[in-house]
Amino acid sequence: MIGRVFVGLGVGFGLAVDPIYIAEISPAAHRGRLVTWSEIATNIGIVLGFTSGLAFLNVDENTAWRAMFAMGAILPTIMIFLAYKVMPESPRWLVSKGRESEALVVLEKIYPPGYNVNVIVEEIKEGIEREIAAEHAVGWDMILFPSPAFKRMLLVGIGTAVAQQVVGIDAIQYFLIFILDESGIKSRITQSTILIFLGLLKLAMIFVAGFLFDTKGRRPLMFTSLAGMTVALLLISVNFIGDSHNAAFAVVGIGLYLSFFSLGMGPGAWLIPSEVFSTSIRAKVIQV
């Protein structure tokens, strides 16, 4: 239980920091695609989890789950090294600490050669000054007692994050094995193979979403995602009416649901909150 607490803390910190860090370090023209990387990383973990189920299929259950947990420490260890040695600090954080020369170095690596990054530094400084002024003026009152403008920001940002959870993604993922079993697929090898296929499909659609977010916009993709998931859930529900269940129909329905989720609602729930909130309340609201 103590280990699970630490895992939960790590996941919570990561999910809160990732979209903010990516949004602060990314040029605006590429921000939509880059913020989706947070969702991509999560889904790579899901695919690896499904793959481990197939890899340990013939291993004793008491040994298999321990080996899976041990393997879960590999990628975090690699990320610790990369974060310490490779990842640059956020230019905005550096400017807020008075380390403008270091921020310029980071920005020169991000933007094309010859780009006047001094302008970016000045914009960051102005944004920080506005945030400090707002913080001193009202503090948490901006969130607890928002003005109409901030209320709309909160509705869109927090509403998007809540919607990501209430569309049923966790229920579908937790009960994938149960759904496959009830549809008539009893073989563990077949189940594991289908899970890997579904995980790869979900992962591939996030790459598509990253491109479309920057070309088609956020709002159309979110509507398309929600409509597609609604149709997919109806298909899955209809398949389980009565005693006759079609396995292929169930797999297609699940595949459609996961695809449409990754097309908009999955990565969009990280992207939109990182953009919609003004700098004066962004950090506080992301915590909420």
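A brief look at the structure comes next. Remember, predicted model here, so these are calculated numbers, not experimental data.

## Digging into the overall build of the protein
Within the protein one finds 16 helices and zero strands. Dimensions along the principal axes, computed over C-alpha positions, put the protein at roughly 65 × 40 × 40 Å. By residue count, 37% of the 288 residues in the protein fall in the buried class. Looking at the protein alone, contacts between residues at least 24 apart form 75% of all its contacts between residues at least 6 apart. Summed over all atoms, the accessible surface of the protein reaches about 16600 Å², with 69% contributed by carbon and sulfur. Of note, the protein has its 21 positive side-chain charges centred 2 Å away from the centre of its 22 negative side-chain charges.

## A closer look at the packing of aromatic side chains
Under the defined criterion, the tally for this structure stands at three aromatic pairs. The interplanar angle of 90° and the centroid separation of 5.7 Å between the aromatic rings of tryptophan 65 and phenylalanine 69 together place this pair among those described as edge-to-face. Note that tryptophan 65 and phenylalanine 69 are positioned in helix α4 (residues 61-71) at a spacing of four residues, about one turn of the helix. Judged by its relative accessible area of 43%, tryptophan 65 is partly exposed. On the basis of relative accessibility, which here comes to 64%, the residue phenylalanine 69 falls in the exposed class. With centroids separated by 6.3 Å and ring planes inclined at 80°, the aromatic side chains of phenylalanine 175 and phenylalanine 178 adopt a geometry described as edge-to-face. Using a relative accessible area of 48% as the deciding quantity, one classes phenylalanine 175 as partly exposed.

Rules used throughout
- Residues numbered from 1 in each chain as written.
- Predicted model: local features only at pLDDT ≥ 70, side-chain atom pairs only at ≥ 80, totals over all residues.
- Heavy atoms only, no water.
- Helix = DSSP H or I, 4+ residues; strand = E, 2+ residues; numbered from the N terminus.
- Buried < 20%, exposed > 50% of the residue type's maximum accessible area, 1.4 Å probe, protein only.
- Contact = heavy atoms within 4.5 Å.
- Areas by Shrake-Rupley, 256 points an atom, 1.4 Å probe, with all protein chains shown as cover.
- Lys, Arg positive; Asp, Glu negative; His and termini not counted.
- Charge placed at Lys NZ, Arg CZ, Asp CG, Glu CD.
- Phe/Tyr/Trp six-rings, centres within 6.5 Å; stacked < 30°, edge-to-face > 60°.

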